[in-house]
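Spelled out from the first residue to the last, the chains are:
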Amino acid sequence: MDREAPVHAFLPRYRCSPRRYAQLLTYEFSMSYFPNTKTSVLYLLCIYLVHIAPPVASRVHADAHSDTFQEAALLRYRLSSDSIDFTLLESFDGLPKVVMLHLKSSQEEAKPLRLSFASTDMRIPFSPIIPPYVGLHAKRISLKVWVEDPGCLAGATIVAGREDGTQEKFSFDPSPVQAYKWTTFSWPLAMSGEPASRLNCVELVLESRPRTDAFAYLADLNIQYHGQQEPYDLLTTDIPLLTTGMSTPLETNPVRSLPVRDTLALGGFDIHDPNAAKQIPILATLVKNEFPNWDFILAPVWTPPLSIHKELKKLPEGVYFQFQKARMDPGYLHAVDAMPCNGRGEVLDNFSNAVMGTHPVIQEGLRDQIDYAASLGINNFKQVDMIWPYRNGRWGYDDASVAAYRKALDGKDEGLDILPGLPGKLNRGGMIHFWDYYEYYHGFRLQPADLELKNWDEYSPVSEQTAANGGDREHLNLGLYIQLYHYQWLLQAQRFGRWAKAHNGTHGYTLNPEDLGNGGDYVFLVRLADAGLPYIEYFGGPAVLRGAYHNLPMYIHSAETAGRKFGLIMEIGQTGHGQPYLAPEINYLYAFELAAGGLRSYHNEWVADMWKAITAFPPASPQKDFLFDRWSAWMTGALGFVFAREENIRRPNTRVFNISTRPPGYYVSSWIWGLSQGPSFGPMLAQAHVPFMQWDRAGMSEILAEADIIFYAPPYGRQEDAQRLRQWLQNPGKSLMLHSNVPFSIDDGRARLLPGVENVNYTSAEQHYTDYLSERNDFDHALFPELKSVRPLENGAWSALPNAEILLGDRDRPLLSRLHLPSGSSIYYLHTSPRRMDAGQSAAVVDILARRLHLPRTITASSSPVMAHRFSAPGFEVLDIWTGLDILGFKAGYGPHLMPGREAEDFEPAQRPYPLLLPGVDVTIEVPVGEAGDYRVYAFFSGNECVVPSSPDKMLSLKISNISAEQFFFTVDTPGVREKIKMLKKQRARLFPYSPDLPRN
């Protein structure tokens, strides 16, 4: 026999060590009568192997494909090495669950061989770490080793790493080691019980490579720790939980109370970092002096270490702590097949910041993270990016998600506990289930037979590709699936809130944005009885403020009717990192508008190392200091936000409403950052500076009492909407605007994707999801009988209306018509989609409507394109004018235009994507005012104060020069106004330390 050949190759019957194999054969043959010579020879060979010849080690190839341990995947994600190949064996020489190491010799420069038994110390759900409480109380490390050559352990050590960076090294004493036998090693740990010395890493290290290739086997790798009789198995296959080993929590109650006032939050401040901790009193004093009426939150995004419980007690009065949660380790979830799938059967690689709780294992890990943090005295939580996975299409086709859908369809899930105040059947609040939720949006409920099913246990969602190439049944299935995953998103948000409440805490949410793909439903989230404060995230250029100005009022109303609030979260650079893309002065105005729109608490990400800038406050040259520039972004945003809130500056009410549908359940783009909701009137009205409010079709009844003019153009209408609008039109002086196929596009729950559509992805804030849909017109059930005779012509045009007044166009090619109703109200009909009109046609339509309906206008004319938003304040009107519409930094969303990744070494303030100073700007605007006379005007950013007489037709002419944005405060000139101007000048001066480009006049 070849002594170097694997014994298993010759004797393959038993999966065990060669020595044990020979023992088993000896026993077999001793039970026989040796009927022939060959048997006797083999028997003698076995005796030789057992008693005479030295044992031969098994030569199993050391790669993943030769793992024999059935749950190898549950260990491979825990172990890590870039220098040692290892194989996981079901058993070896009598011991189960064995790691076989292939220690390769090398002629290259000797580098230590390392194998880590906890591949990370990231304390996120399912992370393969040494559980914090195990590491805290660890008292001994033990393991068993089996080697062919004891010499291969020369220089080998077990390195026990601690959170504070210190290490203990334990050498393998070669004296007790015998070849081909298991040897037990056990080493006591010098320290335990102190969070800073928590054991967080165990490594096998060989300082030098063996002279020849060698094999070593490890088993029974354990950590003994105080408070538990059973040791912690470093090769465990159990679900990795942060609370493992926690017999007694470090804190049994929250260390600090929850804030009671509106808050200002600073993201990313590591309060346990000794250097950063020194700055907390300085920071707290600064914030308290600047913002005495607000509570202040430090909100890092990391699962806190054990030592945080002591640091929480040191926070100054008025300073609170919030744990922002993000990410899950996908390794374990892949190993147990708990990751979601998309419609093509592809498994999600990783969640990134998304979160999806349809799988029970994921729910367990997410709850465990909250339980762990609560054991340290934390009671304030927030989920960063509370979004369903959305990249590369729809997710949630896996078995766990489908099971969750079926449970919801059957009404056997946990349900949603909502607060009262929603319009319609859900007004009383209480416990609702999926079909209540579905009916709120669509106006009806489905039965299994509608999808040709016997019961809901047969339901499985179809993919977009299947639906696009299918018929009515597939379209209905897809529409139902979209509503289902928005509902599942709400269920997980509710769980977070309940888990936090179990620890006398609260759970907030970072939202970005409410979209088809990411599952969000802000109207229902804000009225979940157990949910905490939702923060709507605004980032990118100022273009997002257009969506905020017109659409936020609906969300704010929803919150207020539930006795709740929405907060604001911004970012300092793209994804929160790097050079700020907005000038500090622009950041001020950005946050000001969102506060005036109704958001109540302010949060800006991230602080990173900005605390270094605070110690030098204010620095000699802030415009040259990268860290101070980032700190300036936070401060100017806070100054603008707080000023708008404290001075009661608000977006004024309106009598003009635009009705559309929101993303939950529909292929409609998000309302948060833009107005691209399919064939909506919104972009046309915003272009004409009409200060309309956009309202959800499902909540339309909320605004009928105050509305005089309604633009109704959801992608799909409902008969109940038409009935409400007809009743509303019975009042005199009301005007309803419709267009093209709106009277015939009726909500039947179907998502009619165009043939060939495979994967609807999010691409930008300005995209139209409705572009993926085919048009279906129900001419037999027109929502408005007066329009039942119109029919489509070529190029998107629609035919004339009988008995209608044609306001634009002619009988053969009408563009805008008016139907007079007996009540004295009117229906206006646009004979094409607003998206099909050119700029000239849009301007002509708006001009006629403005004259006929007395449409309010923020401004009536401008010499160059601008974005204009008007607000009201006690004693003043406020007008924000944005002039930089054609520079890259204005647009919404991420991209290279925001200069991502620029850190201190690349800091160039002069290259900001959206600066304050913009040479060459020379714009004149015409502003309607309430009465003729002299107006005192204060231009906040340029610092100019003047008196401007209005024209006889009550117009103010205002100029903006060499600046990308201006904020005008104006009112009729009276002696008392000048005191208000003094207050504004003081507010402006507060920006000077942070705003190098603000004129010092």
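All figures in this text were calculated on a predicted structure; none of them were measured in a lab.

## Details of the sheet that holds strand β27 (residues 814-820)
Thinking step 1. Pairing in this open sheet of 7 strands is mixed, and the strands run β23-β22-β24-β25-β28-β27-β26 from one edge to the other. Among the strands making up the open sheet, the edge pair consists of β23 (693-696) and β26 (805-809). Along the sheet, successive strands turn relative to each other by an average axial angle of 20°, direction set aside.
Thinking step 2. Sitting on the sheet, helix α20 (residues 719-728) touches β24 (709-712) and β25 (735-739), and the angle it makes with β24 is about 155°.

## Focus: helix α10 (residues 399-409)
Thinking step 1. Taken together, the buried positions of α10 are Ala400, Ser401, Val402, Ala404, Tyr405, Ala408 and Leu409.
Thinking step 2. At the C-terminal side of α10, Gly411 shows a positive phi close to 70°.

## With respect to the confidence of the model for the chain
Thinking step 1. Residue-level pLDDT values for the chain average 90, and 91% of them are 70 or greater.
Thinking step 2. Low confidence marks residues 1-64, where pLDDT is under 50. Its contacts with residues over four positions away, or in another chain, come to 79 contacts.

## Topic: the packing of aromatic side chains
Thinking step 1. Within this structure, the stated rule accounts for 61 aromatic pairs.
Thinking step 2. Between Trp146 and Tyr180, the ring centres sit 5.4 Å apart and the planes meet at 75°, which makes this aromatic pair edge-to-face. Taken together, the residues span a long stretch of sequence, with Trp146 in strand β4 (residues 138-147) and Tyr180 in the loop between β6 (167-171) and β7 (182-188) at a distance of 34 residues. Accessibility classification places Trp146 together with Tyr180 in one group, the buried group.
Thinking step 3. Seen in terms of ring centroids, Tyr555 and Phe566 are 6.5 Å apart; in terms of plane orientation they differ by 85°. Their pairing is edge-to-face.

## Some points on the packing of helix α11 (residues 434-442) against helix α13 (residues 472-501)
Thinking step 1. Between α11 and α13, the least distance of the axes is 10 Å, while the angle of their chain directions is 120°. Viewed along their axes, α11 and α13 adopt a mutual orientation that is oblique. Of the two elements, α11 crosses α13, and the hand of that crossing is right-handed. Counting all contacts with α11, which are made through Phe434, Trp435, Tyr437, Tyr438, Tyr441 and His442, the residues of α13 involved are Leu480, Gln483, Leu484, His486, Tyr487 and Leu490.
Thinking step 2. Considered class by class, the residues forming the contact of α11 with α13 number 9 nonpolar, 3 polar and no charged.

Reading the values: rules and limits
- Residues numbered from 1 in each chain as written.
- Predicted model: local features only at pLDDT ≥ 70, side-chain atom pairs only at ≥ 80, totals over all residues.
- Heavy atoms only, no water.
- Pairing = 2+ DSSP bridges.
- Helix = DSSP H or I, 4+ residues; strand = E, 2+ residues; numbered from the N terminus.
- Axes fitted to C-alpha atoms, helices over the stretch in contact; angles between N-to-C directions.
- Contact = heavy atoms within 4.5 Å.
- Buried < 20%, exposed > 50% of the residue type's maximum accessible area, 1.4 Å probe, protein only.
- pLDDT = per-residue confidence, 0-100.
- Phe/Tyr/Trp six-rings, centres within 6.5 Å; stacked < 30°, edge-to-face > 60°.
- Parallel < 35°, antiparallel > 145°, perpendicular 65-115°, else oblique.
- Left-handed = near helix turned anticlockwise from the far one by under 90°.
- Nonpolar A, V, L, I, M, F, W, Y, C, P; charged D, E, K, R; others polar.

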